[in-house]
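Each chain, letter by letter, is given below.
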Amino acid sequence: RGRDVTGVQTCALPISVRPGETLRGIAAQFLGSSERWPEIHRLNTFISDPDRIAPGQRIRIPSVASSFPAARLNRLSRQVEDQPSPIPWQNAQVGDVLVERDGVRTRQKASAEMQFLDGARLTLTEDSLVFLHRSGTTLRGTPKKSIEIVQGQADLDARTALASLPAPEVEIVLGNTKATSRPDAAGAARTRARKAEEGGAKLMAYGGASEVEAGGTKVQVPHGMGTSVAAQGPPSPPEPLLPAPVLADPAPGAERACADPPLSWQALPQAASYVVEVCRDPGCGALVERQVLPAGEGSAQWRPTALPEGELYWRVTARSRSGLDGYPSEAVRLAIATDRLDHEPPVAQLALSGRQFVVNGKTFAAPGIALELPAQDAGCGILRASPEIDAAIAAPGDHRVTGSAMDLCGNRVQLPPLVFTVDAEAPAVRSELVARSILG
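Residues numbered from 1 in each chain as written. Predicted model: local features only at pLDDT ≥ 70, side-chain atom pairs only at ≥ 80, totals over all residues. Heavy atoms only, no water.

A. Structural detail: the overall build of the chain. Tallying secondary structure elements over the chain gives two helices and 39 strands in all. For the chain, with 440 residues in total, the buried portion stands at 49%. When the accessible surface of the chain is totalled, it reaches about 21,500 Å², and 50% of it is carbon and sulfur. (Helix = DSSP H or I, 4+ residues; strand = E, 2+ residues; numbered from the N terminus. Buried < 20%, exposed > 50% of the residue type's maximum accessible area, 1.4 Å probe, protein only. Areas by Shrake-Rupley, 256 points an atom, 1.4 Å probe, with all protein chains shown as cover.)

Following this line, the structure appears as structure tokens:
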């Protein structure tokens, strides 16, 4: 056992053996000296000859803090594959270590989180393809780490994990666009980079200092700003990123007794669309669901098809008309208590409380009347029951009121109108004398 970059004791790291490698060469690469090969051999006693190990074989190495450009897969969700070059693509495993020329790809609704040995973290969303420090003319062989995003999107969080290590500096390449991200005096370098569908790039700087180069032009992108790059053109002038949407419902820590609860947030007038993510961790390294929704009237909500049972987290990001992602909201915890779907509306009824009477099918009520809307839902419970009334409900005259009720799983019932008349006029009393004759 060794210690990871945060100083916490952790298991040894698994790697795949490449063609031509020996334990001595692996020790020189990861531990800094070929003479430290016995440390690796003690973790892999099944190896009879340290100079003869099979390509593709998985072995374990001590977990060490190093400036070597290697990354460990910390989290995986659904189908994720890695390629320990030149070994073909294989199903990735938590703990796999990737080095120069290695790749990772995620399939639909899949994600992966990797951590470099100096503490920097990279999170890949679904349908992404990334290579580390790829050789060739695209990336320079500099000491800093290089990441090539061939497809999809990656979030970088680079901060110094140990005082003895230099501040992480990461070069991100997206086609003809090159971006360098590094921490500044304000804190970690937090950058989101996305390969645009038309072949260009989007880069958002949530923290730290970034420099973007494309088409022979360099621009500085301060934190809180972003830039768009056309397939062959220079970077656009940086523009402010949209703020994080305010999540409305469910509240933090809420529990829902159905697998398809609605999620809602406060709409942003400047948003062109929203990205909703449901994950198993606050950093969304383990993706469960991801949906891009167009903005518009009534669009600040989404109801998933079915979420897995257990503890989840959800967040929303507003995307501008230029295609730049704003700040993601803080991930909010949501507990799903069952895998049951609920599409049954609650049971509710409008009712009058107070003095009332019915004459020829018409309801008359006294001025002190009140409106009630009792509601119940055996499956999820009631979120709200709202009568729609005017301010003068107790005023004399005819009234027509409606109402609705919604349960915690998003099912709503609209109630039929209730019609009644408030009668504040006292009845007229008339008395008169009536002559009566008495016959003798």
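B. Layout of the side chain of threonine 106. Of note, threonine 106 is situated in strand S9 (residues 103-106). Judged by its relative accessible area of 3%, threonine 106 is buried. Within the local environment of threonine 106, its side chain forms a polar contact with the backbone oxygen of threonine 125, the two atoms lying 2.6 Å apart. Those residues in contact with threonine 106 that sit more than four places away from it in its chain are Gln79, Val80, Ser111, Ala112, Leu124, Thr125, Glu126, Asp127 and Ser128. (Polar contact = N/O pair within 3.5 Å; in protein donor to acceptor, adjacent residues only side chain to side chain. Contact = heavy atoms within 4.5 Å.)

C. Highlighting the sheet that holds strand S13 (residues 145-151). The strand order across the open sheet formed by nine strands is S7-S6-S9-S12-S13-S15-S16-S19-S20, and the pairing between neighbours is mixed. Sheet topology places strand S7 (90-91) and strand S20 (217-221) at the edges, where each strand pairs with a single neighbour. Judged from the three bridges that link them, S9 and strand S12 (residues 129-132) form a sheet pairing that is antiparallel. Within the sheet, the bridge partner assigned to valine 104 lies in S12 and is valine 130. (Pairing = 2+ DSSP bridges.)

D. Local environment of the pattern of salt bridges. As enumerated under the stated definition, the model contains 20 salt bridges in all. Among the ionic contacts, a cluster of salt bridges with common partners joins Asp155, Arg192, Arg194, Arg319 and Asp325. (Salt bridge = Lys/Arg side-chain N within 4 Å of Asp/Glu carboxyl O.)

E. Structural detail: the state of the cysteines. Under the counting rule described, the total for this entry stands at three disulfides. A sulfur-sulfur separation of 1.9 Å characterises the disulfide bridge that pairs cysteine 279 with cysteine 284. Here cysteine 279 and cysteine 284 share a disulfide; its torsion about the S-S bond, 85 degrees, makes the bridge right-handed. For the pair cysteine 279 and cysteine 284, one class covers both residues: buried. Linked covalently through their sulfurs, cysteine 380 and cysteine 409 form a disulfide whose S-S length is 1.9 Å. Across the disulfide from cysteine 380 to cysteine 409, rotation about the S-S bond amounts to roughly -80 degrees, and the bridge is consequently left-handed. Of this pair, cysteine 380 sits in the loop between strand S36 (375-376) and strand S37 (382-388) while cysteine 409 sits in the loop between strand S38 (397-407) and strand S39 (412-422), and the two are 29 residues apart along the sequence. Note on accessibility: cysteine 380 and cysteine 409 belong to one class, buried. (Disulfide = S-S within 2.5 Å.)

F. Focus on empty space enclosed by the protein. A full pass over the atoms with the stated rule returns three cavities of 30 Å³ or more. Space inside the largest cavity adds up to approximately 80 Å³. In terms of lining residues, the largest cavity is bounded by Thr123, Leu124, Thr125, Gln153, Ala154, Asp155, Arg192, Glu277, Gly283, Cys284, Leu287 and Arg315. Mapped onto the lining of the largest cavity, the elements with two or more residues apiece are strand S11 (121-124) and strand S14 (153-158). Among the elements that take part in the lining of the largest cavity, S14 stands out by supplying three residues, more than any other. Classifying every residue of the lining of the largest cavity gives four nonpolar, four polar and four charged. Reported here for the second largest cavity is a volume of approximately 40 Å³. (1 Å grid on protein atoms, 1.4 Å probe; cavity = no way out; pocket = protein on both sides within 12 Å on 5 of 7 lines; lining within 4 Å. Points joined across faces, edges and corners; volume = space filled by probe spheres on them. Nonpolar A, V, L, I, M, F, W, Y, C, P; charged D, E, K, R; others polar.)

G. Examining the environment of glycine 326 more closely. Here glycine 326 is to be found in the loop between strand S29 (310-319) and strand S30 (332-336). You can call glycine 326 buried: its relative accessible area is 0%. The spatial distance from the C-alpha of glycine 326 to the C-alpha of alanine 271 is 9.0 Å, given a sequence separation of 55 residues. Filtering out sequence-adjacent residues up to four positions away, glycine 326 remains in contact with Tyr206, Leu241, Leu242, Thr317 and Ala318.

H. Looking closely at helix H1 (residues 23-31). Listed in full, the buried residues belonging to H1 are Leu23, Ile26, Ala27, Phe30 and Leu31. The buried residues of H1 occupy an angular sector of 100 degrees when projected down its axis, which confines them to one face. In this fold, the buried residues of H1 make contact with strand S3 (13-16), helix H2 (37-43), strand S4 (58-61) and strand S8 (97-98). Directly after H1, the chain includes glycine 32, whose backbone phi takes a positive value near 90 degrees. (Arc of directions from axis to C-beta.)

I. Up close: unusual backbone geometry. Residue proline 86 is bonded to the preceding serine 85 through a cis peptide linkage, with omega at 5 degrees. Tracing the chain through its elements places proline 86 in the loop between strand S6 (80-83) and S7. Residue aspartate 249 is joined to proline 250 through a cis peptide bond whose omega torsion reads 5 degrees. As for its position among the elements, proline 250 is in the loop between strand S23 (247-249) and strand S24 (254-256). Phi at lysine 109 is positive, roughly 55 degrees, even though this residue is not glycine. Tracing the backbone shows lysine 109 in the loop between S9 and strand S10 (111-116). Here asparagine 360, not a glycine, exhibits a phi torsion of approximately 55 degrees, which is positive. On the secondary structure map, asparagine 360 appears in the loop between strand S33 (356-359) and strand S34 (362-365).

J. Focus on the side chain of threonine 123. With respect to the helices and strands, the residue threonine 123 is situated in strand S11. Judged by its relative accessible area of 15%, threonine 123 falls in the buried class. If we skip the residues at most four places from it in the chain, threonine 123 touches Ala112, Glu113, Gln153, Ala154, Asp155, Gly283, Cys284 and Gly285.

K. Molecular detail of the nonpolar core. The biggest cluster of nonpolar side chains holds 34 residues, and the ones touching the most others in it are Val104, Met114, Leu122, Leu132, Ile147, Ile149 and Ile172. Those residues in contact with isoleucine 149, other than ones at most four positions away along the chain, are Leu129, Val130, Ala154, Ile172, Val173, Leu174, Ala193 and Lys195. By size, the runner-up hydrophobic cluster in this structure holds 21 residues, among which are Leu247, Leu307, Trp314 and Ala318. (Core = buried A, V, L, I, M, F, W, Y, C linked by side-chain atoms within 4.5 Å.)

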